[in-house]
Amino acid sequence: MSYIDDKRYVLAHTDRRALLEQLAEEAVELSQAALKLIRAEKLSNNPTAANVSIASEQLNEELADVLVAADAIGVPILESCDNSKWHRWAARIKKECEM
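Below you will find a few notes about this structure. These numbers were taken from a predicted model, which means no experiment stands behind them.

As for the overall build of the chain
Alright, step 1. Helix and strand content of the chain: four helices and zero strands.
Alright, step 2. Counting from the amino terminus, the chain carries its helices and strands in the arrangement α-α-α-α.
Alright, step 3. Across its three principal directions, the C-alpha atoms of the chain cover 45 × 30 × 25 Å.
Alright, step 4. For the chain, buried positions account for 30% of its 99 residues.
Alright, step 5. Sequence separation of 24 or more characterises 60% of the internal contacts of the chain that already satisfy a separation of 6 or more.
Alright, step 6. Here the chain carries 12 positive and 17 negative side-chain charges, and the mean point of each set is 3 Å from the other.

If you want it as structure tokens, here you go:
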């Protein structure tokens, strides 16, 4: 499936409330990742053993999740032709539907 097919599948099988819940959940995770990176970069007086590179990767991952969730509720987001997030989301829904 292409990312557009995955996106259409997710949107056809997910109601607006669930999409908003997903956005809220991903936003919280983005916030936590940003705070972890602040600590990893020693930009606060609350140090962590977290690696800066890993914390930065986690921030990028969470931002991508927020952008996908925002796109799902209709916030205009630039779309990528190769977006694996829609595929993973569609796969999770398909798995749940099969149960």
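Here's the deal with the pattern of salt bridges
Alright, step 1. Under the counting rule described, the total for this entry stands at three salt bridges.
Alright, step 2. One salt bridge connects lysine 7 with aspartate 71, and the closest N-O pair in it is separated by 3.1 Å. Taken together, the residues lysine 7 in helix 1 (residues 3–12) and aspartate 71 in helix 3 (residues 52–72) connect sequence positions 64 residues apart. For the pair lysine 7 and aspartate 71, one class covers both residues: buried.
Alright, step 3. Taking the shortest distance from any N to any O, the salt bridge between glutamate 61 and arginine 88 comes out at 3.2 Å. Here arginine 88 lies in helix 4 (residues 84–98) and glutamate 61 lies in helix 3, a separation of 27 residues in the sequence.
Alright, step 4. Taking the relative accessible area as the measure of exposure, glutamate 61 reaches 35% and is therefore partly exposed.

Here we look at helix 3
Alright, step 1. A rise of 1.5 Å per residue sets the reference length of helix 3, with its 21 residues, at 30 Å; its end C-alpha atoms lie 30 Å apart and thus fit the reference within 8%.
Alright, step 2. Taken as a whole, helix 3 has its buried residues at Ala55, Glu62, Asp65, Val66, Val68, Ala69, Ala70, Asp71 and Ala72.
Alright, step 3. In this structure, the buried side of helix 3 is in contact with helix 1, helix 2 (16–40) and helix 4.
Alright, step 4. N-cap assignment for helix 3: the residue whose side-chain oxygen lies 2.7 Å from the backbone N of serine 53 is asparagine 51.
Alright, step 5. Glycine 74 sits one or two positions beyond helix 3 and adopts a positive phi of about 100°.

Concerning a nonpolar patch on the surface
Alright, step 1. Taken together, the side chains of Leu35, Ile38 and Leu43 make up a nonpolar region of the molecular surface, amounting to roughly 290 Å² of accessible area.
Alright, step 2. Considering the arrangement of structural elements, one finds leucine 35 in helix 2.

So, the environment of lysine 36
Alright, step 1. Note that lysine 36 resides in helix 2.
Alright, step 2. Judged by its relative accessible area of 30%, lysine 36 is partly exposed.
Alright, step 3. With 51 residues separating them in the primary sequence, lysine 36 and histidine 87 have C-alpha atoms 28 Å apart.
Alright, step 4. What lysine 36 contacts, discounting residues up to four positions off in sequence, is Thr48, Ala50 and Ala55.

Here is what the cut-offs are and how they apply
Residues numbered from 1 in each chain as written. Predicted model: local features only at pLDDT ≥ 70, side-chain atom pairs only at ≥ 80, totals over all residues. Heavy atoms only, no water. Helix = DSSP H or I, 4+ residues; strand = E, 2+ residues; numbered from the N terminus. Buried < 20%, exposed > 50% of the residue type's maximum accessible area, 1.4 Å probe, protein only. Contact = heavy atoms within 4.5 Å. Lys, Arg positive; Asp, Glu negative; His and termini not counted. Charge placed at Lys NZ, Arg CZ, Asp CG, Glu CD. Salt bridge = Lys/Arg side-chain N within 4 Å of Asp/Glu carboxyl O. Expected span 1.5 Å × (residues − 1). Polar contact = N/O pair within 3.5 Å; in protein donor to acceptor, adjacent residues only side chain to side chain. Patch = residues over 30% accessible without salt bridge, like charges linked within 9 Å, V, L, I, M, F, W, Y side chains within 5 Å. Areas by Shrake-Rupley, 256 points an atom, 1.4 Å probe, with all protein chains shown as cover.

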